[in-house]
There are 2 protein chains.
Amino acid sequence: MSQKRSGIELDTSLGYLLKEASTALRLAMEEVLRPLGMTVTHYSCLELLAQRPGMSNSELARGAFVTRQSMNVLLQALERDGHVTRPAEAAVGKVLPARLTPRGRESLREASAAVRAVESRMLGGMSDGEQAEAFRLLQGMIRSLRDDSDGGHGSDGSDQSHGSDRKG
Amino acid sequence: MSQKRSGIELDTSLGYLLKEASTALRLAMEEVLRPLGMTVTHYSCLELLAQRPGMSNSELARGAFVTRQSMNVLLQALERDGHVTRPAEAAVGKVLPARLTPRGRESLREASAAVRAVESRMLGGMSDGEQAEAFRLLQGMIRSLRDDSDGGHGSDGSDQSHGSDRKG
DNA sequence: CACGGTATGTCAGACTCCTGACATGAGTCA
DNA sequence: TGACTCATGTCAGGAGTCTGACATACCGTG
């Protein structure tokens, strides 16, 4: 290790640090998810469905922070592999509620344990009070960013597609 | 707004919230950077070079949280557009130190102002003490994630390529 | 009922970024 | 000096995601 420390001292920017933390978490998750043949989005989708069965494609997309087009591609693969089922036709409207199959649930079980371990490691050195404080502060940042972003709709709906789908 | 509130209540996971915050920040940055014809990585590269002239491709990659392959592509475009210069040959080793051109510096100036505005908005509702606390907590998370990740090298060098390039 | 606004599912093309691999240069140690 | 390790720059191929576009279905208003 003869490297001369290529570290960057953007240590003054909270935004930079936020990205750094998020990247570190993503990498750690990818590392434990890769052996299971899963991506982070993949896992997120399954986890979302486990907690909220019947979520639609668009809802899943918002929850996993991707576009609904991307989530659609993923859902099709998940359906093909038998991890998720969707009705062939919508009962009402166009919404196709997705549900985990037993196989999908099983697949999620390992992944969920792995991811929980990562999150535990991340929070290892923090007290409960610190975790609560971190939670509060992050929520504040999110709110501040969103409140003035799309024109101040005030909702906390995490809409990813910010500009596509124009009516034309 | 007849939507039934598709919000997800993963409100118990700090990891999820971290990703949410990071996504919100990225979207906000893209929003202000798009009119300037810049991506976030694009901006990061310029900002890094402004603060540390002469950084190498690999160093920039680590600093912007992408692989050195991706950064190389970006640097080539930046060179082509006259925002960055690199010597044709390495003075020592293979490292090609990159530097901003006046044009690159000018381009960065607008972007930097825009990004700073976003970051200010994000921190709008936080006191100095809260910002310092957020900083400390995020650093703790990063350290915890990295300390046990690649085998515990203990350094805070942000290495992105975690497994490629094996000697084989 | 007709109409505009909004949300959804989906297809197609393009793009970004990553994985994998290779060759070269520098430092370390025997 | 030679072997080994580490870091870098670069090329090729592929997986994941995004932008753009279209058709359809709900909801409110007039």
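What counts as what
- Residues numbered from 1 in each chain as written.
- Chains lettered and ligands numbered in written order.
- Predicted model: local features only at pLDDT ≥ 70, side-chain atom pairs only at ≥ 80, totals over all residues.
- Heavy atoms only, no water.
- Phe/Tyr/Trp six-rings, centres within 6.5 Å; stacked < 30°, edge-to-face > 60°.
- Helix = DSSP H or I, 4+ residues; strand = E, 2+ residues; numbered from the N terminus.
- Buried < 20%, exposed > 50% of the residue type's maximum accessible area, 1.4 Å probe, protein only.
- Expected span 1.5 Å × (residues − 1).
- Arc of directions from axis to C-beta.
- Contact = heavy atoms within 4.5 Å.
- Core = buried A, V, L, I, M, F, W, Y, C linked by side-chain atoms within 4.5 Å.

Enquirer: Lay out the packing of aromatic side chains with the relevant residues and their values.
Expert: For the structure shown, the criterion picks out 2 aromatic pairs over all chains. Relative to Phe-65 of chain B, the ring of Tyr-16 of chain A has its centre 5.2 Å away and its plane inclined at 40°; by these criteria the two rings are tilted. You can see Tyr-16 of chain A sitting in helix α1 (residues 14-33) and its partner Phe-65 of chain B sitting in the loop between α3 (57-64) and α4 (68-80), one on each of two chains. For the pair shown, Tyr-16 of chain A and Phe-65 of chain B are each scored as buried.

Enquirer: Give a description of helix α4 (residues 68-80) of chain A that names residues and reports values.
Expert: All names here are of chain A. The terminal C-alpha atoms of α4, which comprises 13 residues, lie 18 Å apart, in line with the 18 Å expected from a rise of 1.5 Å per residue. What α4 keeps buried is the set Met-71, Leu-74, Leu-75 and Leu-78. Taken end-on, α4 shows its buried residues confined to a sector of 105°, consistent with a single buried face. With respect to the buried face of α4, the exposed residues turned more than 90 degrees away are Val-73 and Arg-80. Packed against the buried residues of α4 are α2 (40-51), α3 (57-64) and β1 (84-85). Just past α4, the residue Gly-82 takes up positive phi, approximately 75°.

Enquirer: Can you tell me about the nonpolar core, naming the residues and giving the values?
Expert: Formed by 84 residues in total, the largest nonpolar core has its most connected members in Leu-60 and Met-71 of chain A together with Leu-60 and Met-71 of chain B. Those residues in contact with Leu-60 of chain A that lie beyond four places of it in its chain are Cys-45, Leu-48, Leu-49, Met-55, Met-71, Leu-75 and Ala-98 of chain A.

Enquirer: Break down the environment of Gln-131 of chain B for me, with residues and values.
Expert: With respect to the secondary-structure elements, Gln-131 of chain B resides in helix α6 (residues 128-147). Its relative accessible area of 22% is what places Gln-131 of chain B among the partly exposed residues. Sequence-distant contacts of Gln-131 of chain B, that is, excluding residues within four places in its chain, are made with Leu-14 of chain A together with Leu-123 and Met-126 of chain B.

Enquirer: Let's hear about the environment of Ala-28 of chain B: which residues, and what values?
Expert: For Ala-28 of chain B, the position within the fold is in helix α1 (residues 14-33). When its relative accessible area of 3% is taken as the criterion, Ala-28 of chain B is described as buried. Along the chain, Ala-28 of chain B and Val-115 of chain B lie 87 residues apart, while their C-alpha atoms are 8.7 Å from each other. For Ala-28 of chain B, the residues in contact, after removing those within four places along its chain, are Leu-145 of chain A together with Val-118 and Arg-121 of chain B.

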